[in-house]
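# Topology and contacts: notes
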Amino acid sequence: MRKNYQNIFRINLAIALLALLQFITIDASAQKIKKFSSAKEQYALELQDFFKEITTGKEKEQTELLYADFTSNLNGGLFSDEEFKSLVDISNSLLKKRVVEIDPWEHMLRSLILIHQNENEKFALPWLQDLEQYAKKERSNDIRQYLQNIYFGLAEQILYTDGNIKWQAIEATWIFNFEEEASFEISDAELWGYFKNDSTIIEGTNGIYYPKKSLFNGQGGNVYWVRTGLSMDSAYATLKNFTIATDKSSFTADSVTLYSKLYLDHPLVGNFEERLSSRSEDKNASFPRFTSYDQNIEIREIYPSVDFVGGISVIGNKFYGSGSPSKKARLLFTFEGRPVISAKSERILLRQDLLVSEAAQITVHLEKDSIYHPKSSLKFIPGKNQLTLNRDKEGLSATPYTDSYHDLDIYFELLSWKLNEPQLHLGSLSLGAESTVIFESENYYRGERMQQIKGLDEIGPLMNIQKVTALYGRNTLSLDEMAQGLRMSKEATHRFMLQMSVMSFVNYDQANETITVKDKLFNYIQNEKGRRDFDVIRFNSGLNGGANASISLLNNDMEIRGINAIALSDSQEVALFPKGRKITVHEG
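Parameters at a glance
- Residues numbered from 1 in each chain as written.
- Predicted model: local features only at pLDDT ≥ 70, side-chain atom pairs only at ≥ 80, totals over all residues.
- Heavy atoms only, no water.
- Helix = DSSP H or I, 4+ residues; strand = E, 2+ residues; numbered from the N terminus.
- Rg over C-alpha atoms; globule rule 2.2 N^0.38 Å.
- Contact = heavy atoms within 4.5 Å.
- Areas by Shrake-Rupley, 256 points an atom, 1.4 Å probe, with all protein chains shown as cover.
- Lys, Arg positive; Asp, Glu negative; His and termini not counted.
- Charge placed at Lys NZ, Arg CZ, Asp CG, Glu CD.
- Patch = residues over 30% accessible without salt bridge, like charges linked within 9 Å, V, L, I, M, F, W, Y side chains within 5 Å.
- Salt bridge = Lys/Arg side-chain N within 4 Å of Asp/Glu carboxyl O.
- Buried < 20%, exposed > 50% of the residue type's maximum accessible area, 1.4 Å probe, protein only.
- Expected span 1.5 Å × (residues − 1).
- Phe/Tyr/Trp six-rings, centres within 6.5 Å; stacked < 30°, edge-to-face > 60°.
- Pairing = 2+ DSSP bridges.
- Axes fitted to C-alpha atoms, helices over the stretch in contact; angles between N-to-C directions.
- Parallel < 35°, antiparallel > 145°, perpendicular 65-115°, else oblique.
- Left-handed = near helix turned anticlockwise from the far one by under 90°.
- Nonpolar A, V, L, I, M, F, W, Y, C, P; charged D, E, K, R; others polar.

Turning our attention to the overall build of the protein. Along the protein, the regular secondary structure elements total 12 helices and 35 strands. For the protein, the C-alpha radius of gyration of 38 Å lies well beyond 25 Å, the compact-globule estimate for 588 residues. Overall size of the protein, expressed as C-alpha extent along the three principal axes, is 115 × 85 × 50 Å. Counting only contacts in the protein whose residues sit at least 6 apart along the sequence, the fraction spanning at least 24 positions is 53%. Carbon and sulfur atoms make up 49% of the accessible area of the protein, which totals about 29,700 Å². Counting 66 positive and 78 negative side-chain charges, the protein places the centres of these two groups 6 Å from one another.

Encoded structure:
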C-alpha cells in the first residue's frame, strides 16, 4: 500500500515538473526579446532575431528585404542619434503593447526611410518623438492603423484601407508635413472612395489629411451622379469645405452648389451626402443625395398648367420636390389660368414623364370654399395630361373628403381629371364590381352613431375633446396638449385622433402633430342635447361603369349618378327617388 502511495507521488511530481518545464518553454519561445538595446549594433541583431520569431513562410522573404534595407540605412548613418533613440523607445513600446506582427514594423521602418528619402529629414525627428508618445498612450490597434496610414500615404498615395473601405488620392501632389502632428498636404487630386463593389469620386479637390485621426479636411472639387445612371452634365455639385472620416464609407458636406439641366435654370446651394454600399445598382441607388437650403423655389409651368414651389432634392438618380413637415413642397394644377387643385407633400417625385406623391394634402378650390383631404396619393402623367388622386382605407387616408362648398363629406376613392377638360370625376377603385361612393350631409346626425361613439362612457369622447378646447381657449392644439388634456399617452391620443379624423370630427396633421377640432364635433354635441337642427341625409351612389360624380369647373355644380333613393326623415319615412338616378348639387 505504501509503495502505491510512493508511486503515485512520483508520477504526480513528474507531471508537475513537466508542466512547469512546458510553461517555461512556451513563455520563452513566445517572446525572447524583452527589451531592445540602445546600442545600434546590438539593436540590429536583436531586431533580426525578433523578425525571425514573428515571421513564417512567405513573410520571411518580405522580412529579409525589410531588414536589409533598414540596416543598410542605419549603418550608412541615415538616422541621427536622436532619431535612433526615439526608434528604440518606440520599438520597446510596441513590444509592451504586443504589436508583434511584421506589417506594423515594416510600416514604421519604411516610413522613416521614405521621410528621409523624400527630402523631409527635418520632419523625421518630430514625427518619431510624437510617435514615441503615441505608442505609449494609445491602444495597439490604433497604433497599427496609424502606422499603416503613414506608410500608405508616403508610398502609395492611399489615405486609408482596411480590406473593405479604401480612400485613395490619385494623380495628386502629396507633401508630408509635421506641425504638432503628422499630415499630408494633398492638391489637385482625384479622391476615390471604395466600399466593396461601390465607388465614388471627388474630382479636383485639395486638402489636408491627418493619418493619426484618419481624417481628410477638403476644399473644393466636383461630385457626380454618374454611378446612378445620370450623365455628368445632367447633375453635378461643387463642394466647398468638407471633412471625410476615411475609416467610414460615407461623408456629408454643407454649402454645396448643385448644377443641373433638369428642371433648374440656376444653381442651387444645399447639403450633400454620399454613402457607399454593397448594393450599387443604378436603378436602386439612393446616394449621392442633395437637398437645397431654399425651400421656396418657384418653377412656373414645370409641366403645362402645373406650377411647383418647394425645395429640390436629388436622391440617387431621382429628382424630388422636397419640403419639411412645417413647410411642404406645393403643386398647383390650373384650368384656364385659375387654381383648381393644390397638393402639399414632403416629397414629390419629379420625372419628365411622371409626377408622384405617396402622401399629399389635397385641396380642390371652389371659389372661397374647397374640398379637402389630409392624405391622398397623387399621380400626374404629363403625356396624357391626366391627374389621379387615390384615397385608401388605412390610417389618416381613410378620412373622407370634406366638401365645404356643397356641405358634404364624401367617401370616394378616386378623383381623376384631364387638365384640359372642365370636369373632375369622382369614383372608386373597384375593378369589375359596382363602384360605390357615399355622400353625407355636413349636418348629418344619428343618435345611433352618437351612442356608438360614446360606447359605455356617459360623457363620451366628443365631450372630452370639447372640454380640452375650452381648457386651452382654442380649437387648434398640439398633439401633446390634446394628450395632456385628455390624460392619455401621446401614442393613445395619436390613435384616437386618427379615429376622430376618419369620422370627420377633427383635421389631424400627423407630420406637424397638430389637431384642429371641426365645427361638426360641437354640432354633434348640440344635436344630442336637442339644441340644434340637423338632418339625416346620407346616400349611396352605385354604378357598374363610369364616374359616380362629376364637378363642373365652369359653375362648381356636382352631378351625382347611380342614386336609388335619398332618405330625408327617419320618423316620417320621407325619401326622394331621383329621376334617372341622378341629382345635381349646387352650393350649400
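Here the narrative resumes.
A few words now on a nonpolar patch on the surface. Taken together, L568, V574 and L576 make up a surface patch of nonpolar side chains, about 220 Å² in accessible area. Relative to the assigned elements, L576 resides in strand β34 (residues 574-576).

Attention shifts here to the side chain of S501. The topology assignment puts S501 in helix α11 (residues 490-502). The class for S501 is buried, based on a relative accessible area of 1%. The residues contacting S501, other than those within four sequence positions of it, are L396, T399, P400, V506 and Y508.

Let us look at helix α4 (residues 81-96). Look at α4: 23 Å from first C-alpha to last across 16 residues, which is about the 22 Å you get at 1.5 Å a residue. Every buried residue of α4 is listed here: E83, F84, S86, L87, V88, I90, S91, N92, S93, L94 and L95. Next to the buried residues of α4 lie α2 (40-54), α3 (59-75), α5 (102-117), α6 (124-137) and α7 (140-156). Residue R98 follows α4 closely and has a positive phi angle near 60°.

Turning to the pattern of salt bridges, a few remarks are in order. Scanning the model with the defined rule gives 26 salt bridges in all. For D89, the salt bridge identified is with K85, shortest N-O distance 3.7 Å. Residue D89 and its partner K85 are both found in helix α4; the two are separated by four residues, about one turn of the helix. Looking at D89, the relative accessible area reads 24%, which means it is partly exposed. Given a relative accessible area of 56%, K85 falls into the exposed group. Between E440 and K520 there is a salt bridge, with the nearest N and O atoms lying 3.4 Å from each other. You can see E440 sitting in strand β26 (residues 435-441) and its partner K520 sitting in helix α12 (residues 519-528), a full 80 residues away along the chain. An identical accessibility class is assigned to E440 and K520; each is buried. The network of salt bridges with common partners includes D409, E440, K520 and R538.

Turning our attention to the packing of aromatic side chains. Applying the stated criterion across every chain yields a total of 29 aromatic pairs. Relative to Y43, the ring of F36 has its centre 5.2 Å away and its plane inclined at 50°; by these criteria the two rings are tilted. Each member of the pair F36 and Y43 is classed as buried. Centroid distance Y224 to Y236: 6.0 Å. Interplanar angle 35°. Geometry classified as tilted.

In spatial order, the strands read β27-β29-β28; together these three strands make up an open sheet with antiparallel pairing. Edge positions in the sheet fall to β27 (476-478) and β28 (506-509), since each of these pairs with one other strand and no more. Pairwise comparison of adjacent strand axes, ignoring direction, gives a mean angle of 20° for this sheet. Pairing geometry for β27 and strand β29 (residues 514-517), over three bridges, is antiparallel. Bridging from a neighbouring strand, L477 pairs with I515 of β29. Relative to β27, helix α10 (residues 479-486) is tilted by about 90°, and along the sheet it contacts β27, β28 and β29.

To continue, consider the packing of α4 against α6. One way to put it is that α4 packs onto α6 with a least axis distance of 9 Å and a crossing angle of 20°. In terms of axis orientation, α4 runs roughly parallel to α6. Where α4 crosses over α6, the handedness of that crossing is left-handed. Of the residues in α6, those touching α4 at E82, E83, S86, D89, I90 and S93 are A124, L125, L128, Q129, L131, E132, A135 and K136. Partitioning the contact of α4 with α6 into residue classes produces six nonpolar, three polar and five charged.

The subject of this paragraph is the environment of T228. Locating T228 in the fold gives a position in the loop between β7 (222-224) and β8 (235-238). In the structure, T228 is positioned 105 residues away from F123 in sequence and 43 Å away in space, judged by C-alpha atoms.

Looking now at the environment of Q145. Within the secondary structure, Q145 sits in helix α7. For the pair Q145 and T161, spaced 16 residues apart in the sequence, the C-alpha separation amounts to 9.1 Å. For Q145, the contacting residues outside a window of four places in its chain are Y160, T161 and S214.

Any link to function would need more than the numbers given here.
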